Amino acid sequence: MKRPSAEIAVPTRRAFLAHLHYPVLAAAVGPWLVPRAAAIARELAATPGDPDTIARDEAFWSHAQQAFPVDRSIVNLNNGGVSPCPRGAAEAFKRYFDISNLAPAHTMWKILEPQKETVRARLARLLGCEAEEVAITRNASEGLHICQLGFDVRRGDELLTTTQDYPRMVQAWRQRERREGAVLRTIQIPVPAEDPAEVVRRFEEAITPRTRTILASHVINLTGQILPVREIVQMARRHGIPVIVDGAHSFAHFPFTRDDLDCEYFATSLHKWLFAPVGTGMLYVRREKIRDLWALMPPPEGMEEDIRKFEEIGTHPAAPALAIADALTFHEGLGAERKAARLRYLRDLWARRLREHDRVRLLTSLDPRFSCGIATFHIEGVDEVALVEHLWHRHRILTTAIQHEEVRGVRVSPSVYTTPEELDRFSEAVTAVLRDGLPA
């Protein structure tokens, strides 16, 4: 049999395996060609109903839950950290790893790696930009550091962000302070922040003639607060200042496009709300800005205007990047609007119940303009770390303790596989602490 060129993507997995002359293996993996998870995604996509109706349709979400191989002996309410993959993405990851492992220098580099272009195009379609503006990274931190460290900065230049931004991003700015003499300036924003104009005003008020770059979170990890990114970007553009958007918690969490943000630099993790494998992320850079942004690792000459220069990190696995495609298929099956409506519905199940107690302060607005699936609460007189440990050791409920100068509380982030009954158990466990206190 004449083998196809290594530069040509093999159209089907069966053809690929035949191409490699592994007929026994081809027969063994035949069922992979139509995995059950893909069938679930198709059935969900075909289910009619507007977002608000579907958000309360437990039959729909029970079907979606079957796609996740989660441990129901625990209640995982820390999906904002990292989410489990649906079976389709997990099986794809394993499948691509097995294929890579047959003869990596050939099967991974020459057969699988070119197929990443399909993933790039699909991610761009979801974000609403060109494929040539999307780099596939390992996480949001990598994409954001490419931007944070990719601008030329001189001694005395100022870098602006908020006091609530993610520590790893702040550390990147601090390194530029130590290494190049730049100056980090920070602003405080309200908790919660329900006046977009006030947030923009605080950013603009902090701008000086030395301000070179602004970092703005789309969703603040501490509370799930959604910031008015579009307004921040447009204000900064009037001052000639680029804005790096930290979208670690926003992409595939709720629907938006690049044009909704009007941004030029955006980075996200895909192992949070898109449910892709751990170690997957995306960087968007507007096409005309690619040339002037330095890559973290020097690319070959001639790639100055190529978005792929940001992917030049040395030998890396193909499996995680290709499995993003299956996560995208599942996300599309759920429907972005319906997914966001469900996440807000699940948030409200516990948040509205707990905020009825006088000692509970909700640190996240429940207005859909300002939050989605993540919310944080504080109980007067109760240590957040002790409460998180109690919920885990006594009830096997996983949450996140937030300890920050401006935000102290417990962050709760359910996902589409979370059941209302699990949130009832969580609410009852917290209510018991409100009534009886933490055990000695």
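Relevant structure appears above.
Only a predicted model underlies this, so the values are computations on that prediction, with no experimental measurement involved.

(A) Region of the structure containing the overall build of the protein. When its secondary structure is counted, the protein shows 17 helices and 13 strands. In terms of C-alpha radius of gyration, the protein reaches 23 Å, essentially the compact-globule figure of 22 Å for 440 residues. If you line up the protein on its principal axes, its C-alpha atoms span 75 × 55 × 40 Å. A fraction of 71% describes how many contacts in the protein between residues 6 or more apart in sequence connect residues 24 or more apart. Carbon together with sulfur atoms contributes 51% to the accessible area of the protein, which is approximately 19300 Å² in total. Charge-centre separation for the protein: the mean point of 57 positive side chains lies 3 Å from the mean point of 58 negative side chains.

(B) Region of interest: the packing of aromatic side chains. With the rule as written, the count across this model stands at 11 aromatic pairs. Ring centres of F68 and F275 lie 5.4 Å apart, and the angle between their planes is 80 degrees; this geometry places the pair in the edge-to-face category. Of this pair, F68 sits in the loop between helix 5 (58-65) and strand 1 (75-76) while F275 sits in the loop between strand 7 (265-269) and strand 8 (281-285), and the two are 207 residues apart along the sequence. We classify F275 as buried; its relative accessible area is 1%. Ring centres of F275 and F330 lie 6.5 Å apart, and the angle between their planes is 55 degrees; on these two criteria the pair is classed as tilted. Here F275 is found in the loop between strand 7 and strand 8, whereas its partner F330 is found in helix 14 (residues 319-334), with 55 residues between them in sequence. An aromatic cluster is present here, built from F68, F275, F330 and Y417 joined pairwise through their rings.

(C) Expanded view of the state of the cysteines. Tallied over the full model, the rule gives 0 disulfides. Between C129, a cysteine without a disulfide, and C263, which holds the nearest cysteine sulfur, the sulfur-to-sulfur distance is 9.0 Å.

(D) View of unusual backbone geometry. With an omega dihedral of -10 degrees, the bond running from V191 to P192 counts as a cis peptide bond. Turning to its location among the elements, P192 is positioned in the loop between strand 4 (183-187) and helix 11 (196-206). Of note, the phi angle at A252 is positive, near 70 degrees, even though the residue is not glycine. Tracing the backbone through its elements, the reader meets A252 in the loop between strand 6 (243-246) and helix 13 (258-261). Its identity as a non-glycine residue notwithstanding, R396 has a phi of 55 degrees, on the positive side.

(E) Expanded view of the environment of E312. Structurally, E312 can be placed in the loop between strand 8 and helix 14. For the pair formed by E312 and G80, sequence separation is 232 residues and the distance between their alpha carbons is 28 Å.

(F) Here's a closer look at the side chain of T213. One can find T213 in strand 5 (residues 211-217). Apart from residues lying up to four places away in sequence, T213 is in contact with F151, E158, L159, L160, W173, I241, P242 and I244.

(G) Here's a closer look at the pairing of strand 6. Every second residue of strand 6 is oriented toward a common face, with V243 and V245 on one face and I244 and D246 on the other, all of them buried. The pairing of strand 5 with strand 6 spans 4 bridges and is classified as parallel. Bridge pairing in strand 6 places L215 opposite I244. A crossover connection joins strand 5 to the parallel strand 6 through helix 12 (residues 229-238); in handedness this β-α-β unit is right-handed. The pairing of strand 6 with strand 7 spans 3 bridges and is classified as parallel.

(H) The arrangement of the environment of S415 in detail. Locating S415 in the fold gives a position in the loop between strand 13 (408-412) and helix 17 (420-436). The class of S415 is buried, set by a relative accessible area of 0%. Sequence separation between S415 and L77 is 338 residues, and the spatial gap between their C-alpha atoms is 7.6 Å. Setting aside chain neighbours within four positions, we find S415 in contact with N79, S83, F275, L343 and L346.

(I) Geometry of the sheet that holds strand 3 (residues 158-162). Sheet architecture is open: 7 strands sit in the order 2-8-7-6-5-3-4, paired in mixed fashion. The open sheet has two edge strands with one neighbour each: strand 2 (134-137) and strand 4. Here the strands of the sheet are splayed against their neighbours by 20 degrees on average, with no regard to which way each runs. Along the sheet face, helix 9 (residues 140-148) touches strand 2, strand 5, strand 6, strand 7 and strand 8 and points at about 160 degrees away from the line of strand 7.

Criteria and thresholds
- Residues numbered from 1 in each chain as written.
- Predicted model: local features only at pLDDT ≥ 70, side-chain atom pairs only at ≥ 80, totals over all residues.
- Heavy atoms only, no water.
- Helix = DSSP H or I, 4+ residues; strand = E, 2+ residues; numbered from the N terminus.
- Rg over C-alpha atoms; globule rule 2.2 N^0.38 Å.
- Contact = heavy atoms within 4.5 Å.
- Areas by Shrake-Rupley, 256 points an atom, 1.4 Å probe, with all protein chains shown as cover.
- Lys, Arg positive; Asp, Glu negative; His and termini not counted.
- Charge placed at Lys NZ, Arg CZ, Asp CG, Glu CD.
- Phe/Tyr/Trp six-rings, centres within 6.5 Å; stacked < 30°, edge-to-face > 60°.
- Buried < 20%, exposed > 50% of the residue type's maximum accessible area, 1.4 Å probe, protein only.
- Disulfide = S-S within 2.5 Å.
- Pairing = 2+ DSSP bridges.
- Right-handed = clockwise from strand over helix to strand, strands pointing away.
- Axes fitted to C-alpha atoms, helices over the stretch in contact; angles between N-to-C directions.

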